[in-house]
Amino acid sequence: MAPRRGKATGAASEAEAAAPRVSAPRVKGVPTEPRESPAVRDAARPSARRCGPARPSGSRREKSGPDPQEKRQVRSRAARAEDRVEGPPARTEGVMPPAAPGPPLPRRASRREGTARSARERRPQPGPTEVPEPLVPVPSLGRGKEAPGSWKPRAVLEKLRLSRQEISEAAEVVNRLMDHLLRRLQSCESEFKGVALLRTGSYYERVKISAPNEFDVMFKLEVPRIQLEEYYNSGAHYFVKFKRNPKGNPLGQFLEGEILSASKMLSKFRKIIKEEIKNIEDTDVMVERKRRGSPAVTLLVRKPKEISVDIILALESKSSWPASTMGGLPISNWLGAKVRNSLRRQPFYLVPKHAKEGSGFQEETWRLSFSHIEKEILKNHGQSKTCCEIDGVKCCRKECLKLMKYLLEQLKKKFGNRKELDKFCSYHVKTAFFHVCTQDPDDSQWHSKDLELCFDNCVTYFLQCLKTEQLEHYFIPEFNLFSRDHIDKLSKEFLSKQIEYERNNGFPVFGEF
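Okay, so let's go over this structure. (Residues numbered from 1 in each chain as written. Predicted model: local features only at pLDDT ≥ 70, side-chain atom pairs only at ≥ 80, totals over all residues. Heavy atoms only, no water.)

### A closer look at the packing of aromatic side chains
And step 1. Enumeration according to the criterion identifies 21 aromatic pairs in this entry.
And step 2. Pairing Tyr-231 with Phe-239 gives two aromatic rings, centres 5.9 Å apart and planes at 80°, and the pair type is edge-to-face. Residue Tyr-231 shares its accessibility class with Phe-239, and that shared class is buried.
And step 3. Pairing Trp-321 with Phe-370 gives two aromatic rings, centres 4.7 Å apart and planes at 50°, and the pair type is tilted. (Phe/Tyr/Trp six-rings, centres within 6.5 Å; stacked < 30°, edge-to-face > 60°. Buried < 20%, exposed > 50% of the residue type's maximum accessible area, 1.4 Å probe, protein only.)

### Looking at helix α7 (residues 164-185)
And step 1. Across its 22 residues, α7 extends 31 Å between first and last C-alpha, which sits within 8% of the 32 Å expected from 1.5 Å per residue.
And step 2. All of the buried residues along α7 are Ala-170, Ala-171, Val-173, Val-174, Leu-177, Met-178, His-180, Leu-181, Leu-182 and Leu-185. (Helix = DSSP H or I, 4+ residues; strand = E, 2+ residues; numbered from the N terminus. Expected span 1.5 Å × (residues − 1).)

### Let's talk about helix α9 (residues 262-276)
And step 1. For α9, built from 15 residues, the straight-helix expectation of 21 Å at 1.5 Å per residue is met to within 8% by its first-to-last C-alpha distance of 21 Å.
And step 2. Turning to α9, its buried residues number three or more, namely Ala-262, Met-265, Leu-266, Phe-269, Arg-270, Ile-272, Ile-273 and Glu-276. All buried residues of α9 project into a common sector of 160° when viewed along the axis, lining one side. (Arc of directions from axis to C-beta.)

### Structural notes on the nonpolar core
And step 1. The biggest cluster of nonpolar side chains holds 106 residues, and the ones touching the most others in it are Met-178, Phe-219 and Leu-299.
And step 2. In terms of residue count, the dominant contributor to this core is helix α14 (residues 451-468) (10 residues).
And step 3. What Leu-299 contacts, discounting residues up to four positions off in sequence, is Leu-177, Met-178, Leu-181, Ile-273, Ile-277, Val-285, Met-286, Val-287, Ile-307, Ser-308, Val-309 and Ile-311.
And step 4. Among the nonpolar cores identified, the runner-up in size contains 7 residues, and Leu-198, Ile-312, Tyr-349 and Val-351 belong to it. (Core = buried A, V, L, I, M, F, W, Y, C linked by side-chain atoms within 4.5 Å. Contact = heavy atoms within 4.5 Å.)

### Let's talk about the environment of Lys-290
And step 1. If you trace the backbone, Lys-290 turns up in the loop between β7 (284-287) and β8 (296-303).
And step 2. Residue class for Lys-290 comes out partly exposed when judged on its relative accessible area of 44%.
And step 3. Sequence separation between Lys-290 and Arg-270 is 20 residues; the distance between their C-alpha atoms is 9.2 Å.
And step 4. Those residues within four positions of Lys-290 in sequence are excluded, and the remaining contacts are Leu-266 and Arg-270.

### Some remarks on the pattern of salt bridges
And step 1. All told, the structure shown has 22 salt bridges when counted by the stated rule.
And step 2. Glu-229 is the partner of Lys-241 in a salt bridge, and the nearest nitrogen-oxygen pair spans 2.9 Å. Residue Lys-241 is located in strand β4 (residues 237-242), and its partner Glu-229 is located in strand β3 (residues 226-230); the two are separated by 12 residues in the primary sequence.
And step 3. When its relative accessible area of 24% is taken as the criterion, Glu-229 is described as partly exposed.
And step 4. Of the charged contacts in the structure, one is a salt bridge between Lys-430 and Glu-374, with a shortest N-O distance of 2.9 Å. One end of the pair, Lys-430, is in helix α13 (residues 426-439); the other, Glu-374, is in helix α11 (residues 371-379), and 56 residues separate them in sequence.
And step 5. Taken together, the shared-partner salt bridges in this structure form one network comprising Asp-456, Lys-467, Glu-500 and Arg-503. (Salt bridge = Lys/Arg side-chain N within 4 Å of Asp/Glu carboxyl O.)

### Some details on the pairing of β8
And step 1. β8 sits mainly inside the fold: 6 of its 8 residues count as buried.
And step 2. Strand direction decides the pairing type here: β7 and β8, joined by 4 bridges, are antiparallel. The residue bridging Val-285 from the neighbouring strand is Val-301, located in β8.
And step 3. In terms of strand pairing, β8 meets strand β9 (residues 307-317) through 6 bridges, oriented antiparallel. Bridge pairing in β9 places Val-297 opposite Ile-311. (Pairing = 2+ DSSP bridges.)

### Focus on unusual backbone geometry
And step 1. The backbone phi angle of Cys-388 is positive, close to 70°, even though this residue is not glycine.
And step 2. Mapped onto the elements, Cys-388 comes out in the loop between α11 and α12 (397-414).
And step 3. A positive phi is found at Phe-507, a non-glycine position, where the angle reads about 50°.
And step 4. In this structure, Phe-507 sits in the segment after α15 (489-504).
And step 5. Taking relative accessible area as the criterion, Phe-507 reaches 4% and is therefore assigned buried.

So, to be careful, I would describe these as geometric facts and stop short of saying anything about function.
Written as structure tokens, this is what we have:
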């Protein structure tokens, strides 16, 4: 294994030299306290910022003229009034589709900008949304003449609401399938007989959107007395060794020297599942082709409805969390220091997601996973213990996350033939969302009536991450999800441009597909 690690070190060093880290004061090193004073937050209340329909321009648009004696004076005043509005219409000629170069249209200010401007001062400068409609025609967005900024987030969320019947039917199919596979894996002749189910992902976090057609399930396997060797100071990827390797250890066959091979274990795990689904007679299911670099075995249920199930093998360790996580999980000012300490006492997991090595992967490495902690945070997401309970105050945190996920999902559909969006996934959106929750920890900052403002804050933060190429892993601060080793700069610029266009034009993509 020594030559393989040496190669990885060299490859990673070259990648690091080619991708300088860009400082991001509002992204990197996310604070554990809100950055704004109460005065700033009060000045940013959405009730003062919410844009309504364009106001009439008063006497300049009166059709009924004065009496004949004053006719000449009125015409003179009307001419001067028309001259005064010549400026804004000229600027609207620059409104172009995303592909056109030029600065983005003006938008409403976000609380994330961190200034204490009054709500009146933070209204947009005169532009297409502020000029009376008869004077400035609103550009077509492909769905009628709805003005930018007039989109209705509640209507979008209603469209994303899952049907109880669909949820029940899909869950029944998946549970039956998982129970069958679990019995096989726990059989005496299996190397994985100690596995147990750990249901994770958006469905179980209750932030699934559109349809209950995708599920993530972990098969966790406890591995006591393991030693982790960090892969090239990545903070996230590790080689796994046994402190002792007694004879008869069923995992001994997966060793490469002293190292527990992630690729060998995943290959055997996949083989057992592939063989077992042939014995499932009441469900039409198949194993999808292996995706390069993916830790999941993906099953496709074809009848009665198409459902995708990602099954992930995870090693469970009840040891202390690795040192790279010490500065992570910054929830002390949000959910409390006691909650943070309690969560850090839970096990952590290692999944066979390989570290990138040059143009390929280091296939013996494992990556840290905290999906069970993410699920717990989303379940108990408020400072108040009664947040979003029946008798408690409703917040809009989960609604914002759903809208962010839907925005990325719709853009990926819209530009399905473009490779720039291939490497972006919902985990990037969720990580950025957690950071916004850290920066805005108070329940009052996420009141249900402030949904549009809160969503705009999430969009602003995500755009900042794209522009600075800095999105810290929520549990491993030194691991940058937006480094150029993972996603190239052009892809980040492309996504940033599309999101800016959507926001400046009232998110027309929410009404497409």
